[in-house]
Amino acid sequence: MFQLFLIAFRNLGTHRRRTLLLGGAIAGVTALLVILMGLSQGMEETMLRSATTLGTGHVNVAGFYKITSGQAAPVVTAYPKILELVRKEVPELDYAVQRGRGWAKLVSEKTSSQVGVGGIDVKDEPGFRQVLQVRSGSMDDLAQPNTVLIFEKQAKRLEVKVGDIVTIAAPTMRGTNNTVDVRVAAIAADVGMMSDFNVYVPSQTLRALYQLRDDSTGAIFLYLKDLKQMAQVQARVRQLLTDAGYTLMDNDPRAFWFKFDVVNREEWTGQKLDITNWEDEMSFITWTLKALNGLTGILTFVLLVIIGVGIMNTLWIAIRERTREIGTLRAIGMQRTRVMVMFLFEAMTLGALGTLAGAIIGFVVCVAVDAAHVGVPEAAAMFIMSDRLHLVVNAGSVLGAMVFITGCTTLISLIPSFLAARLKPVTAMHHIG
Amino acid sequence: MSLKNLLSAAAVSVALLSAPVALALEPAAMVQILSVIDDRQRNGGDYKAHIYLEQKEKDKTDNVREGFVYRRDADDKLMILFSKPKTEAGKGYLRLDKNLWSYDPNVGKWERRTERERIAGTDSRRADFDESRLAEEFDPTYEGEAKLGKYTAHKLNLKVKPNIDVAYPVVKLWVDKDTNNILKREEYALSGRLMRTALYPRWKKVFSESKGADVWYPEEIRFYDEVEKANSTIVLIKSVDLRSLEANLFTKAWLESKSR
């Protein structure tokens, strides 16, 4: 076998130009695949970090409260009891926070905009400080009542700075209008789409705006020690709360604000809990990730077809050139299988070397781009939730890409190799190539 | 000073001192005013109004809509159906059993809305087109007389009664002393912030056969958004028809049929 491998390797060396051309193409495809995977994984990591800090936990216990069938509010009542139950029964839990949810009009002296209002207890949210970069003001001030944290773009749009007073106006759960005047305590750097329509106020301010009781909140965000346990924890929390007598909504993998239509159409009143995970809450953004992965797949497929045709064609030519050699090898006793394996080894070696080179190039590009902190256009920043391009190279994925592309090139070479093996020694030796 | 002069001075003093007391209205009188306002606008039978809405918003082009308001006060039913422009034609609201439904023919879907939300995104609300229920929903206090241009008005402060849900819990009302027409209305949020001002420059009456008396309606209402000062809405009630409406009018099927 080793001899066959050696022959294949030497053959590649003999036909250097052909090898370089094909190897280069394979390397190019591999490098592109590695870069696209790096981009996709980087996006996923950035989105996960930003989203799970700003708008969702890994698993959420949220829900709706309806005073009348036509008025749903994203409210969980008597949340400390639920929190206590979850803390007791979910050992996978790292930490949990409560977050008020609202949709209100933010009005400055100059203009206004509709925003999602998050009610937070900033002292209990260490992740907040890790994800958000405060450009002016102080995040600590958000612990004071009637303050607000907004983002740079919002500050520009509303024409306000730290210390200015803005008004938050919204109807309460009963539809009565209410307002609260808040001081801009901090202006944070934009984090893509989340910062376009979200502001944060102290929990108590949000409760005052919506006239909610102290034990009411919008959702309980559960953060797990290991994200892989998300599905099983979600299922367990569901069961746990059902057993505890809570009424739960059917699983609907969408962000909570997409559910108002459905909830408002239903006749029930009172409280219904909704158990979701971060992917559900961010489903309106994760499609970009799926689109990128889809694009990567299509691109890889097209390039693989081109390379496959190239390899097949090249091996065809090689067989034609080496027909007499095959005839001689067959005449001195080489088996058909071994002839086939010899050509397969040639394609496999070419694939392995090409993908290795490509993986190295891709890796270097990813690391360099990540280190350079390349900015992204505003439109892209909206979706990836970051104004910087972040690429993550996962060794397993790179190895997988290498094996996949090498495997494809080897499989493609099966046809010409099989044809070469089928040649009769006499015919082959008489061939004029 | 003679006794006559002394008595005259005393009489004037008493009159002056007691003037504010005399001007203030008793709670029963205020409720009476509110009842009159409600009753004057109520038909008892059916009601159809042709309306025109002009909405002005900052940094946006003005938005104009036309439509019809249908009411059957006896059953507490209300329908608003837009007819113009083409993009809005067929859209409507239907109030059924204390539920407000909105219909968009473009998607063919009914959505349950909160009773107190804006109508078609303007500064107007369902209550502005519905039957007046001031006496039923609010407790009044008297704030004295006020001059509004050439009119002298009673200024009433209305506070919502317990367990009644309204969009604005506090309303200040300027009621023309002579005609009992509302001239101005200020609406306040729970926080006490002024949210919306409405002016009623013109009132008109139409004789109702079913009621056997006149029904009054504001021919023009100007709403000013006090939170976003640049926003305002003008509602014109172009005509009112008090004849009986089709029996099956207040149904989803009827509204849907109008958009086909």
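Owing to the predicted nature of the structure, the values given are computational and were not obtained by experimental measurement.

Quick notes on the rules
Residues numbered from 1 in each chain as written. Chains lettered and ligands numbered in written order. Predicted model: local features only at pLDDT ≥ 70, side-chain atom pairs only at ≥ 80, totals over all residues. Heavy atoms only, no water. Helix = DSSP H or I, 4+ residues; strand = E, 2+ residues; numbered from the N terminus. Rg over C-alpha atoms; globule rule 2.2 N^0.38 Å. Areas by Shrake-Rupley, 256 points an atom, 1.4 Å probe, with all protein chains shown as cover. Lys, Arg positive; Asp, Glu negative; His and termini not counted. Charge placed at Lys NZ, Arg CZ, Asp CG, Glu CD. Axes fitted to C-alpha atoms, helices over the stretch in contact; angles between N-to-C directions. Parallel < 35°, antiparallel > 145°, perpendicular 65-115°, else oblique. Left-handed = near helix turned anticlockwise from the far one by under 90°. Contact = heavy atoms within 4.5 Å. Core = buried A, V, L, I, M, F, W, Y, C linked by side-chain atoms within 4.5 Å. Buried < 20%, exposed > 50% of the residue type's maximum accessible area, 1.4 Å probe, protein only. Polar contact = N/O pair within 3.5 Å; in protein donor to acceptor, adjacent residues only side chain to side chain. Patch = residues over 30% accessible without salt bridge, like charges linked within 9 Å, V, L, I, M, F, W, Y side chains within 5 Å. Salt bridge = Lys/Arg side-chain N within 4 Å of Asp/Glu carboxyl O. Buried area = accessible area lost by both parts, 1.4 Å probe. Nonpolar A, V, L, I, M, F, W, Y, C, P; charged D, E, K, R; others polar.

Here the focus is the overall build of chain A. Across its full length, chain A carries 17 helices and 11 strands. For chain A, the C-alpha radius of gyration of 30 Å lies well beyond 22 Å, the compact-globule estimate for 433 residues. Along the longest, intermediate and shortest principal axes, the C-alpha atoms of chain A span 95 × 50 × 35 Å. For chain A, the computed accessible surface area is about 19,900 Å², with 61% contributed by carbon and sulfur atoms. Treating the 42 positive side-chain charges of chain A as one cloud and the 37 negative ones as another, the clouds have centres 12 Å apart.

A few words now on the packing of helix 13 (residues 336-372) of chain A against helix 15 (residues 395-412) of chain A. All names here are of chain A. Orientation of helix 13 relative to helix 15, taken along the N-to-C sense of each, is 150°, at an axis distance of 8 Å. Relative to helix 15, the element helix 13 lies roughly antiparallel. In this structure, helix 13 meets helix 15 at a crossing whose hand is right-handed. In this structure, helix 13 contributes Leu-344, Ala-347, Met-348, Gly-351, Ala-352, Thr-355, Leu-356 and Ala-359 to the contact, and helix 15 contributes Val-398, Met-402, Ile-405, Thr-406, Thr-409 and Thr-410.

Our focus in this paragraph is the nonpolar core. The biggest cluster of nonpolar side chains holds 51 residues, and the ones touching the most others in it are Val-61, Leu-132, Leu-149, Tyr-200 and Leu-222 of chain A. Judged by nonpolar contacts, the second largest core, of 39 residues, contains Ile-33, Leu-134, Val-175 and Val-215 of chain B.

What follows deals with the side chain of Ser-102 of chain B. Residue and element names in this part refer to chain B. With respect to the helices, strands and loops of the structure, Ser-102 is situated in strand 5 (residues 99-104). A distance of 3.3 Å separates a polar atom in the side chain of Ser-102 from a polar atom in the side chain of Arg-113. Excluding residues that lie within four positions of it along the chain, Ser-102 makes contacts with Gly-92, Tyr-93, Lys-109, Trp-110, Glu-111 and Arg-113.

What follows covers a nonpolar patch on the surface. Residue and element names in this part refer to chain A. A surface patch of nonpolar side chains, about 650 Å² in accessible area, is lined by Trp-316, Ile-317, Leu-411, Leu-414, Ile-415, Phe-418 and Leu-419. Counting residues per element, the ones that place at least two in the nonpolar patch are helix 11 (283-321) and helix 16 (414-422). Ranked by the residues each element gives to the nonpolar patch, the list is headed by helix 16, at 4 residues. By the secondary structure assignment, Leu-411 is in helix 15.

So, about the interface of chain B and chain A. Listed as interface residues are 25 residues of chain B and, on the opposing side, 24 residues of chain A. Note on chain B versus chain A: buried area summed over both sides is about 1,900 Å², and carbon and sulfur give 42% of it. The largest per-residue losses of area from chain B upon contact with chain A belong to Arg-112, Leu-190 and Glu-228 of chain B, which jointly make up 31% of the total buried on that side. Linking chain B to chain A there are 5 salt bridges. One salt bridge in this structure joins Lys-109 of chain B and Asp-261 of chain A, with 3.4 Å as the shortest N-O distance. Considering every element that reaches the side of chain B that touches chain A, the biggest residue donor is strand 6 (residues 109-113) of chain B, with 5 residues. Partitioning the side of chain B that touches chain A into residue classes produces 10 nonpolar, 3 polar and 12 charged.

Residue and element names in this part refer to chain B. With the rule as written, the count across this model stands at 48 salt bridges over all chains. Asp-76 is paired through a salt bridge with Arg-133; the nearest N and O atoms lie 2.4 Å apart. Of this pair, Asp-76 sits in the loop between strand 2 (63-72) and strand 3 (77-84) while Arg-133 sits in the loop between helix 4 (126-129) and helix 5 (134-137), and the two are 57 residues apart along the sequence. On the accessibility criterion, Asp-76 (28% relative accessible area) is partly exposed. The salt bridge partner of Glu-219 is Lys-204, with a shortest N-O separation of 3.6 Å. A residue pair is termed long-range when its members are at least 10 positions apart, and Glu-219 in strand 12 (residues 213-225) and Lys-204 in strand 11 (residues 194-208) qualify at 15 residues. Residues participating in the shared-partner salt-bridge network are Arg-42, Asp-76, Arg-95, Arg-126, Asp-130, Glu-131 and Arg-133.

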